Amino acid sequence: MGNRKWLILALVFGIALVIVAFGYYFLDRPEPVNWELTLVGKNGEQRLLGYDEIRRLPSLEARGGFFTTVGVVNGPYEVKGVPLHDLCALVGGAGPEDLVSVSAADGYSMVFGSDQLAGGIETYDPVTIHEAPHGKQVVLLIYEQEGRPLAESDGRPLRLAVVGDEALLTEGHNWVKWVNRIEVVSLD
Amino acid sequence: MIRRAGIVVISIIAVTVLAAGLTACAGAPEKINVRVLCAGSLMVPLNNLEAAFEARHPDIDVLTEGHGSIQVIRYVTELHEEVDVVAVADHSLIPMMMYNTRMPDTDKSYADWYIKFAANSLGIAYTAASRHTGEIDASNWYRVLARPDIKVGIADARLDSCGYRALMVLYLAGPYYRDSSIFRSVLGDFDPPLEISENDAQAAIAVPEILRPAGKKIVVRGSSIRLLALLESGDIDYSFEYRSVAEQHNLEFLALPAEINLGANEMADCYGQVICRMDFQRFASVQPEFAGEPIIYGATIPANAPHPALAEEYIDFLLGDKGREIFAAAHHPLVPPQADRPENLPPELKTLVENGG
């Protein structure tokens, strides 16, 4: 009788474990993302990249955050994505005299100069929000934040982020959400 | 007998603990959240107004959020968030962005009225540590700012209304002081350049996609608020700021003549000599051209506001005696409330506007 009781308990525990494991497997799996990014080179060359294709490109993980117009601080976060510079290189690259325009599904766009993309974006201390010097800085097209796919309110599935070794902040207008187009434009 | 008494005592304790737990779980009745989105330059007075409104209505939690004025409206019209009150630093953005934008699945626009309620003016902020403060005044400021050793801060005209308004001030200073070199001598060169095209009636300043000063004399930041820290740290000597913002931060402030400071209604024709045109489209819903005109703030209640009656009450409070007192303490001038389409106002606000606040 004693052995039977233990057997039933073990069975119940095993079933519960299987249910939990299945739950985690199915609930935690990211939903498939149907999103296309249009890359346009300065000579007009176009290339479409699906979300999964972007995730397969060489990626970078780093830390960065931003603050809003009135100084509300977000982050710094651990983010993962593809350097903007590498994406531009897929359509001929961006030279020192070129601009890179990043547009979003909500009609917002932001333009970056080559000096900004080469580390020239001002950075700020996450505590004081006073300007702080930075070392290496990279503009990333991110798809993960804190180890998870981006949330809708954070610009799912693709967002721009400015990151670096020091985990500093940058101004929020650079962190374009819902990115769907990157275009290299000649200044001339 | 003793055992029975013990059971009774334990039962009473258990029931008491359970009741206390349930009460704690139920907590106080939930407050109603009234969401107010406003221009960054309104944050100080509206934070104070929030506290006063909540003190009068303990059941209400006002959530005041500051953003750039365009972003304030985009939260409603493009990001489809539910907002009770919208208050922006440029009244013309409300008809531009809300009147012709339909709410999803309806033929109704996001707004069909707004109230002009506050003003401001532009001038030059500085600190006691800024260079040449002993000699700067309203007659010579442009010569002081043009000196090679002086660092001047200006908000990015592509991102902040204070930025394009500062460019307008610098242009208007030319005819006012009869010196057409002021715009270039203060700002220096930009790469690519800031082009000005003029005809008999008006000048248009074209702001390029990238606003990049050629030298280190001019410091451009995304918002005028960011320049305050640079002033305080001594990284810049002077910056163009709204008067209310400079005074709220206890900075020195040089008021500019009414003919150029964008703060006087009677000078509207004078300000109309200049417009600022963006050479690119940053927001799909915003015409990238801004007219020189007096700085007037506007407020409205979006048609999909979740608490329209409370929103009306909030605006009524803002335009009433307490609101006037709070804005005066924050150095932010109010103007007699005026609606663009009085016939569309909610009845309570109609009476208020007709009576001049």
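Model, not experiment: these values are computed from the prediction.

The rules we used
- Residues numbered from 1 in each chain as written.
- Chains lettered and ligands numbered in written order.
- Predicted model: local features only at pLDDT ≥ 70, side-chain atom pairs only at ≥ 80, totals over all residues.
- Helix = DSSP H or I, 4+ residues; strand = E, 2+ residues; numbered from the N terminus.
- Rg over C-alpha atoms; globule rule 2.2 N^0.38 Å.
- Buried ≥ 20, exposed ≤ 12 C-beta atoms within 10 Å, placed from the backbone.
- Contact = placed C-beta atoms within 7 Å.
- Pairing = 2+ DSSP bridges.
- Domains from an automatic or database assignment.
- Axes fitted to C-alpha atoms, helices over the stretch in contact; angles between N-to-C directions.
- Core = buried A, V, L, I, M, F, W, Y, C linked by C-beta atoms within 7 Å.

## Notes on the overall build of chain A
Right, on to step 1. From N to C terminus, chain A includes 4 helices and 11 strands.
Right, on to step 2. Relative to the 2.2 N^0.38 estimate, which gives 16 Å for 188 residues, the radius of gyration of chain A is 22 Å and therefore markedly larger than a compact globule would have.
Right, on to step 3. C-alpha atoms of chain A, sized along the principal axes, occupy 90 × 40 × 25 Å.
Right, on to step 4. Across the 188 residues of chain A, 35% fall into the buried class.
Right, on to step 5. Considering only contacts in chain A between residues 6 or more positions apart, those separated by 24 or more positions represent 62%.

## Quick word on the overall build of chain B
Right, on to step 1. What chain B contains, in helices and strands, is 13 helices and 15 strands.
Right, on to step 2. Overall size of chain B, expressed as C-alpha extent along the three principal axes, is 105 × 50 × 35 Å.
Right, on to step 3. Counting the 357 residues in chain B, one finds 44% classified as buried.

## Comments concerning the pairing of strand E4 (residues 73-83) of chain A
All names here are of chain A.
Right, on to step 1. Here 7 bridges tie strand E3 (residues 60-67) to E4, and the two strands are oriented antiparallel to one another. Counterpart to Phe-66 in the pairing with E4 is Asn-74.
Right, on to step 2. The turn linking E3 back onto E4 is made up of 5 residues, and Gly-71 within it adopts a positive phi angle of 90°.

## Some remarks on the domain arrangement of chain A
Right, on to step 1. Partitioning chain A into structural domains gives domain 1 (1-30) and domain 2 (36-186).
Right, on to step 2. Its C-alpha centre places domain 1 of chain A at a distance of 44 Å from the equivalent point of domain 2 of chain A.

## Some details on the interface of chain A and chain B
Right, on to step 1. On the side of chain B, 23 residues touch chain A, which itself brings 15 residues to the contact.
Right, on to step 2. The element best represented in the side of chain A that touches chain B is strand E6 (residues 109-113) of chain A, accounting for 3 residues.

## Quick look at the sheet that holds strand E1 (residues 36-40) of chain A
Residue and element names in this part refer to chain A.
Right, on to step 1. Strand order across the open sheet formed by 5 strands is E2-E1-E11-E5-E6, with mixed pairing between neighbours. Two strands in the sheet have a free side with no partner beyond their single neighbour: strand E2 (46-50) and E6. Averaged over all adjacent pairs, the angle separating strand axes in this sheet is 15°, with direction ignored.
Right, on to step 2. Across 7 bridges, strand E5 (residues 98-104) lies against strand E11 (residues 179-186) in antiparallel orientation. Residue pairing for E11: Val-102 is matched across the bridge by Ile-182.

## Notes on the sheet that holds strand E12 (residues 274-278) of chain B
Residues and elements named next belong to chain B.
Right, on to step 1. If you walk across this open sheet you meet the 4 strands as E7-E8-E12-E13, and the pairing is mixed. This sheet does not close on itself; its edge strands, each paired only once, are strand E7 (195-198) and strand E13 (289-291). In this sheet, adjacent strand axes meet at a mean angle of 20° when their direction is disregarded.
Right, on to step 2. Both E7 and strand E8 (residues 203-207) contribute to a ladder of 4 bridges, which runs antiparallel. Its bridge partner being in E8, Ser-197 is matched across the sheet by Ala-204.
Right, on to step 3. The sheet strands contacting helix H6 (residues 161-177) are E7, E8, E12 and E13, and the helix crosses E12 at an angle near 140°.

## Things to note about the domain arrangement of chain B
One widely used convention gives an interface's size as the accessible area the parts lose upon coming together.
Residue and element names in this part refer to chain B.
Right, on to step 1. Taken domain by domain, chain B comprises domain 1 (32-119 + 295-354) and domain 2 (122-278).
Right, on to step 2. Put simply, the middle of domain 1 and the middle of domain 2, counted by C-alpha atoms, are 29 Å apart.
Right, on to step 3. Taken together, the contact between domain 1 and domain 2 spans 12 residues of the former and 13 residues of the latter.

## Details of the nonpolar core
Within soluble globular proteins, side chains that are nonpolar tend to cluster in buried spots.
Right, on to step 1. Residues Val-85, Val-86, Ala-87, Val-88, Val-169 and Leu-170 of chain B are the most contacted members of the largest nonpolar core, which totals 105 residues.
Right, on to step 2. Per-element tally for this core: the top contributor is H6 of chain B, with 10 residues.
Right, on to step 3. If you count residues domain by domain, this core takes at least three from each of domain 1 (32-119 + 295-354) and domain 2 (122-278) of chain B.
Right, on to step 4. Residues within four places of Leu-170 of chain B in sequence aside, it is in contact with Ile-182, Phe-183, Val-186 and Leu-187 of chain B.
Right, on to step 5. Among the nonpolar cores identified, the runner-up in size contains 40 residues, and Ile-54, Leu-99, Val-100 and Tyr-124 of chain A belong to it.

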